[in-house]
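Architecture and fold: a report
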Amino acid sequence: MSDLHTELKESIIEQLNLEDMQPADIENNEALFGDGLGLDSIDALELIVLLEKDYGIKLTDPNQGKQIFNSINTMADFIEKHRTK
Amino acid sequence: MYINGMSNISAQPDDFLTSAEIIDIQGNILSAVVRPYRELIKPMLLRRMSKAVKMGIYTAVKSLSRSGLECPDAILVGTGQGCMQDTEKFMQQIEESKEQLLTPTSFIQSTHNTVSGQIALFLKCNGYNMTYTQNSVSFESCLLDAQMQLELDEDIQNVLIGAVDETSEKFTGFQKLDGQIKAETILNKELFPSSSPGSIISESAAFFSISREKTPRSLANCVGSKIINEIQSSEIEEKVVEFLSEFDLKPEQMDAVVLGNNGDHRFDDYYQILQQGIFNNILQLNYKSLTGENNSISAIGCALAVSVLQHQKIPKKFRANSKSASKFRRILIYNQYLGRNHGFILLERP
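Because the structure is predicted, anything quoted here is derived from the model rather than measured.

Some details on empty space enclosed by the protein
Residue and element names in this part refer to chain B.
- Under the criterion given, the structure shown has 1 cavity of 30 Å³ or more.
- Counted as a void, the largest cavity has a volume near 40 Å³.
- As for the largest cavity, its lining consists of Asn262, Asp264, Phe267, Asp268, Tyr271, Gln336, Tyr337 and Leu338.
- Residue composition of the lining of the largest cavity, by class: 4 nonpolar, 2 polar and 2 charged.

Below is the structure:
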């Protein structure tokens, strides 16, 4: 697991107040929304802010969100390609 | 209207209304004891809730279940300050991000009516939902509205009513600036003899399940309540007599009075005048040395009175004088804060 994957999991746990969860509890391929981690639309907004604040990525097309936030792996791939900080 | 179930959270343990044990607390800002919220609330919901919301939902659900009810017809919540923790978090984010990149959760949860809304969502209650933010008479405002709803709307049979306030690190600290919190650190048992301004500020929640009709589970009958925003201390006895006369009662017909002394030497004279005057021969109870002061604390005073009517006994720690009563049938609760917003509640044994 890369540093980015771990960092991302730690940020998500902190930002979304996932109390009692550890980074190891989130699988890299696990779905973040729906039946996986069970995040909802408010969490999606929190993740959009997280991308911009921590990695300088501003999402211009809201439809991208569904693919980007599918799992930790898809988020990490997207961040590696588009990060500005 | 009849109180059929209640639950409260304060700086004291769960059973403090009936227990003889005295928990001494040092500090001028008291946190409420954390309850096992996970027993009732799913972790995915709990993670977004501030302390006020957790305390509100927990006590609301407990009070309803103790009355044998799942969902009320109306929800009324009083809060003097609202969700302070999320408001503070949200405002800190505004400052830190220079008004950019604000996350939604704190903002959504920062409104004053978050608690009543979250209780309604939790209970799936689509009925009348109202929040009163009226300083120290927020709870009494809810009682008055409950009375009116029961009188005006025959479809409303059961009302959930309560009050909740939380502290937050910075905002509560501001109360020091205008002398609401004592400058010197004080042990709670030293509060009443204190001769300095201010009190100890705290968090609390108390909810009551109320019905129009008496039930086998009824603990107390709320005969009436009244709010008077401005009273001079010289008028307080007259106002109490006026309130009681609305029910053809006299001060000497009270079996006990629950008074809101908070150790602020500037304003405790309202209580002291009553203690040395019309209630001199009546059993007097105090509770704020145990719970601290906040805008919802009169709901805890009300819970104490309900507990006395239910159990017919009073732990020594609440007694402010040596008077006694053979039976507890009728109790007056009186509270004010900073000499303003005076609330009167009259309870009777059902």
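Moving on from the coordinates now.
So, the pattern of salt bridges
- Under the defined criterion, the tally for this structure stands at 12 salt bridges over all chains.
- The closest approach of N and O atoms between Glu348(B) and Arg330(B), which form a salt bridge, is 3.0 Å. Taken together, the positions of Glu348(B) in strand 12 (residues 340–348) and Arg330(B) in strand 11 (residues 330–337) put the pair 18 residues apart, joining distant regions of the chain.
- Counted as one network, the salt bridges with shared partners bring together Asp40(A), Asp43(A), Arg47(B) and Arg48(B).

A look at the interface of chain A and chain B
- The interface is formed by 17 residues belonging to chain A together with 11 residues belonging to chain B.
- Of the roughly 1200 Å² buried where chain A meets chain B, counting both sides, 51% is carbon and sulfur surface.
- Counting the contacts that link chain A with chain B gives 3 salt bridges.
- Notably, a salt bridge pairs Asp40(A) with Arg48(B), separated by 2.6 Å at the nearest N-O pair.

Some remarks on the nonpolar core
Residue and element names in this part refer to chain B.
- Membership of the largest hydrophobic core comes to 46 residues, with the highest contact counts inside it found for Phe139, Ile161, Phe208, Val306, Phe318 and Leu347.
- When residues of this core are sorted by domain, at least three fall in each of domain 1 (2–211) and domain 2 (220–348).
- Setting aside residues no more than four positions away along its own chain, Phe139 makes contact with Gly78, Ile161, Gly162, Ala163, Phe208, Ser298, Ala299, Cys302 and Ile345.
- Ala32, Val77, Ile119 and Phe207 belong to the second-largest nonpolar core, a separate cluster that totals 26 residues.

Overview of the side chain of Asn28(B)
Residues and elements named next belong to chain B.
- Its location among the elements puts Asn28 in the loop between strand 1 (2–9) and strand 2 (29–30).
- What makes Asn28 buried here is its relative accessible area of 8%.
- At 2.8 Å, the side chain of Asn28 and the backbone oxygen of Lys182 are in polar contact.
- A polar contact is formed between the side chain of Asn28 and the backbone nitrogen of Ile186, at a distance of 3.2 Å.
- With sequence-adjacent residues up to four places away left out, Asn28 is seen in contact with Ile181, Lys182, Ala183, Glu184, Thr185, Ile186, Ser199, Ile200 and Ile201.

A short note on the domain arrangement of chain B
All names here are of chain B.
- Along its sequence, chain B is carved into domain 1 (2–211) and domain 2 (220–348).
- A straight line from the C-alpha centre of domain 1 to that of domain 2 covers 21 Å.
- If you look at the interface, domain 1 gives 55 residues, while domain 2 gives 45 residues.
- Between domain 1 and domain 2 lies a buried interface of about 4000 Å² when both sides are counted; carbon and sulfur atoms form 60% of it.
- For the pair domain 1 and domain 2, the interface holds 0 salt bridges.
- Contributions of two or more residues to the side of domain 1 that touches domain 2 are made by strand 1, helix 6 (138–152), strand 5 (158–165), strand 6 (201–202) and strand 7 (204–211).
- The biggest single contributor to the side of domain 1 that touches domain 2 is helix 6, with 6 residues.
- Classifying every residue of the side of domain 1 that touches domain 2 gives 25 nonpolar, 24 polar and 6 charged.

So, the state of the cysteines
All names here are of chain B.
- One pass over the structure, following the stated rule, counts 0 disulfides over all chains.
- No disulfide involves Cys71; its sulfur sits 4.0 Å from that of Cys125, the nearest cysteine.
- Using a relative accessible area of 32% as the deciding quantity, one classes Cys71 as partly exposed.
- Not part of a disulfide, Cys302 finds its nearest cysteine sulfur in Cys222, a span of 6.4 Å.

Some details on the packing of helix 3 (residues 84–96) of chain B against helix 7 (residues 169–177) of chain B
Residue and element names in this part refer to chain B.
- In the contact formed by helix 3 and helix 7, the axes pass within 7 Å of each other and the chain directions differ by 105°. The orientation of helix 3 relative to helix 7 falls into the category roughly perpendicular. Contacts between helix 3 and helix 7 involve Met84, Thr87, Glu88, Met91 and Gln92 from the first element and Glu169, Lys170, Phe171 and Thr172 from the second.
- Taken together, the residues of the contact of helix 3 with helix 7 sort by class into 3 nonpolar, 3 polar and 3 charged.

Regarding the confidence of the model for chain A
- Put simply, chain A has an average pLDDT of 90, and 99% of its residues get 70 or more.
- The lowest-confidence element of chain A is helix 3 (residues 64–68) of chain A, averaging 89 in pLDDT; the highest-confidence one is helix 4 (residues 72–82) of chain A, averaging 95.

Thoughts on unusual backbone geometry
All names here are of chain B.
- Even without glycine at this site, Lys98 takes up a positive phi of about 50°.
- One non-glycine residue, Glu99, lies in positive phi territory at about 65°.
- Note that Glu99 resides in the loop between helix 3 and helix 4 (104–109).
- By relative accessible area, which is 62% here, Glu99 ends up exposed.

Reading the values: the criteria
- Residues numbered from 1 in each chain as written.
- Chains lettered and ligands numbered in written order.
- Predicted model: local features only at pLDDT ≥ 70, side-chain atom pairs only at ≥ 80, totals over all residues.
- Heavy atoms only, no water.
- 1 Å grid on protein atoms, 1.4 Å probe; cavity = no way out; pocket = protein on both sides within 12 Å on 5 of 7 lines; lining within 4 Å.
- Points joined across faces, edges and corners; volume = space filled by probe spheres on them.
- Nonpolar A, V, L, I, M, F, W, Y, C, P; charged D, E, K, R; others polar.
- Salt bridge = Lys/Arg side-chain N within 4 Å of Asp/Glu carboxyl O.
- Helix = DSSP H or I, 4+ residues; strand = E, 2+ residues; numbered from the N terminus.
- Contact = heavy atoms within 4.5 Å.
- Buried area = accessible area lost by both parts, 1.4 Å probe.
- Core = buried A, V, L, I, M, F, W, Y, C linked by side-chain atoms within 4.5 Å.
- Buried < 20%, exposed > 50% of the residue type's maximum accessible area, 1.4 Å probe, protein only.
- Domains from an automatic or database assignment.
- Polar contact = N/O pair within 3.5 Å; in protein donor to acceptor, adjacent residues only side chain to side chain.
- Disulfide = S-S within 2.5 Å.
- Axes fitted to C-alpha atoms, helices over the stretch in contact; angles between N-to-C directions.
- Parallel < 35°, antiparallel > 145°, perpendicular 65-115°, else oblique.
- pLDDT = per-residue confidence, 0-100.

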